[in-house]
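# Descriptive analysis of the structure
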Amino acid sequence: RAAGRADGGIVAGAGVGHAPEGDLVIRQTGGAAQGQRPGAGVIGASDAVLGGEAQHVARPEAILAEVHRVLGGGGRVAISEVHNPSLYFYPPCPHAIRYWQAYNQLQRDFGGNPEIGVQLPALAAEQGWQVLKVRRFSPRLHGQLVRREDRLEVVQFWIDLLHSALPSLQQHGRVVDDFAEVREEMLALVDRPRGVIEYSAHQLLAIKPGGGHPAGG
């Protein structure tokens, strides 16, 4: 169940983890805008911010339903979630893609949903939310990044992100490519002017009807 404050504000703590029954613990904070992740500047004390929780549970609609129950009318929820099949490399990085696919399969095997980002608007509407905004975002490598240090920063972000999954993959006996090969082919993109890393995470802002917030946020 979600833990609410007296003023109605709640924020989901990062790393809820795999929860096959969809149980959810939402940690209390001093103010819902504290994290400044999704919806920065528009989230107030009677709102909720969630980032990356729904992908790890078997029933993500239960998260939206519980936040809807806890918040009063006019309360808003801002959610950032993944769409992992969208990860794309050019030139192709087969070691990285096989590694990424192994991680996503592990997530599915534990009841998670690595495609949840594109499903957020429908899930929110089903639970009674009025969707205000949907946008895509991510660190991307593309031709407009010309400074080597900028390109390296994006590539290193993705290397670190993929590497963070390695302990879980090893713990559960998943066979993956040597991470040194994953790192090597990704680093090669830094010095390729046409090198691309494309990915779409999804961010949703929705409001519970019946309160004082203006509908436009």
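Residues numbered from 1 in each chain as written. Predicted model: local features only at pLDDT ≥ 70, side-chain atom pairs only at ≥ 80, totals over all residues. Heavy atoms only, no water.

### Description of the pattern of salt bridges
Note on pairing: side chains with opposite charge can pair once their charged atoms come close. The following threshold applies: Counted as salt bridges are all cases of a side-chain nitrogen of Lys or Arg within 4 Å of a carboxyl oxygen of Asp or Glu. Only protein chains enter the accessibility calculation, which uses a 1.4 Å probe; a residue whose area is less than 20% of its type maximum is buried, one above 50% is exposed, and one in between is partly exposed. A run of DSSP states H or I qualifies as a helix once it reaches four residues; a run of E qualifies as a strand once it reaches two. Both are numbered from the N-terminal end.
In the structure shown here, the tally under the stated rule is 10 salt bridges. Arg-59 is paired through a salt bridge with Glu-61; the nearest N and O atoms lie 3.8 Å apart. Exposure remark for Arg-59: the relative accessible area of 42% places this residue in the partly exposed category. You can call Glu-61 partly exposed: its relative accessible area is 24%. Among the ionic pairs, Glu-66 bridges to Arg-69, the shortest N-O distance being 2.8 Å. One end of the pair is Glu-66 and the other is Arg-69, both in helix H1 (residues 60–70) and three residues apart, which spans about a single turn. Judged by relative accessible area, Glu-66 falls into the buried class, the value being 9%. For Arg-69, a relative accessible area of 47% translates into the label partly exposed. Three or more residues joined by partner-sharing salt bridges are found here, namely Arg-147, Glu-149 and Asp-150.

### Things to note about the packing of aromatic side chains
Formally: In summary, the pairing rule links any two rings of Phe, Tyr or Trp, Trp by its six-membered ring, whose centres are within 6.5 Å, and it sorts them by plane angle into stacked for under 30 degrees, edge-to-face for over 60 and tilted for everything else.
Scanning all chains against the criterion turns up six aromatic pairs. Seen in terms of ring centroids, Tyr-99 and Phe-179 are 5.2 Å apart; in terms of plane orientation they differ by 65°. Their pairing is edge-to-face. Placement of the pair is Tyr-99 in helix H2 (residues 94–109) and Phe-179 in helix H6 (residues 179–187), with a sequence separation of 80 residues. For the pair Phe-157 and Trp-158, a centre-to-centre distance of 5.4 Å together with 90° between the ring planes defines the contact as edge-to-face. For Phe-157, a relative accessible area of 37% puts it in the partly exposed group. Members of the aromatic cluster, joined through ring pairs, are Trp-100, Tyr-103, Phe-157, Trp-158 and Tyr-199.

### Considerations on H2
The line we're drawing: Here a helix's expected span is defined as the number of its residues, less one, multiplied by 1.5 Å. The contact criterion used is simple: two residues touch if any of their non-hydrogen atoms lie within 4.5 Å.
With 16 residues, H2 extends 22 Å from end C-alpha to end C-alpha; this agrees with the ideal 22 Å at 1.5 Å per step. Residues of H2 that are buried make contact with strand S4 (88–90), helix H4 (148–163), helix H5 (166–171) and H6.

### Here we look at the side chain of Asp-177
This is how the line gets drawn: Nitrogen and oxygen atoms within 3.5 Å of one another constitute a polar contact, given that in protein one can donate a hydrogen and the other can accept it, and given that sequence-neighbouring residues count only through two side-chain atoms.
Structurally, the position occupied by Asp-177 is in the loop between H5 and H6. Among the polar contacts listed, one links the side chain of Asp-177 to the side chain of His-95, at a separation of 2.5 Å. A distance of 2.8 Å separates polar atoms of two side chains, one belonging to Asp-177 and the other to Arg-98. Ignoring sequence-local partners within four residues, the contact set of Asp-177 consists of His-95, Arg-98, Tyr-99 and Val-182.

### Some remarks on the packing of H2 against H6
The condition is simple: Axis definition: a line fitted to C-alpha atoms, limited for helices to the stretch in contact. Angles are taken between N-to-C directions and run from 0 to 180 degrees. Orientation is classified from the angle alone, with under 35 degrees giving roughly parallel, over 145 giving roughly antiparallel, 65 to 115 giving roughly perpendicular, and any other angle giving oblique. Left-handed describes a crossing whose near helix is turned anticlockwise from the far helix by less than a right angle; the clockwise case is right-handed. By the convention adopted, Pro, Cys, Tyr, Trp, Phe, Met, Ile, Leu, Val and Ala count as nonpolar, Lys, Arg, Asp and Glu as charged, and the other residues, Gly among them, as polar.
As a packed pair, H2 and H6 sit with axes 7 Å apart at the nearest point and diverge in direction by 125°. In terms of axis orientation, H2 runs oblique to H6. Like other packed secondary-structure pairs, H2 and H6 cross with a definite hand, here left-handed. Facing H2, whose interface residues are Pro-94, His-95, Ala-96 and Tyr-99, H6 presents Phe-179, Glu-181, Val-182, Glu-185 and Met-186. Residues of the contact of H2 with H6, tallied by class, amount to six nonpolar, one polar and two charged.

### Section: the nonpolar core
Defined as follows: To qualify as a nonpolar core, a set must consist of buried Ala, Val, Leu, Ile, Met, Phe, Trp, Tyr and Cys residues joined through side-chain atoms within 4.5 Å.
In this structure, Leu-162 and Met-186 are the most contacted members of the largest nonpolar core, which totals 45 residues. For this core, the leading source of residues is H2, giving six residues. Other than its neighbours up to four places away in sequence, Leu-162 contacts Ala-96, Tyr-99, Trp-100, Phe-179, Val-182 and Met-186.

### A short note on the confidence of the model for the chain
This is how it is decided: The predictor rates its confidence in each residue with pLDDT, a number between 0 and 100.
Residue-level pLDDT values for the chain average 80, and 76% of them are 70 or greater. Taken as a whole, residues 1–45 scores under 50 in pLDDT and shows 105 contacts with residues more than four places along the chain or in a different chain.

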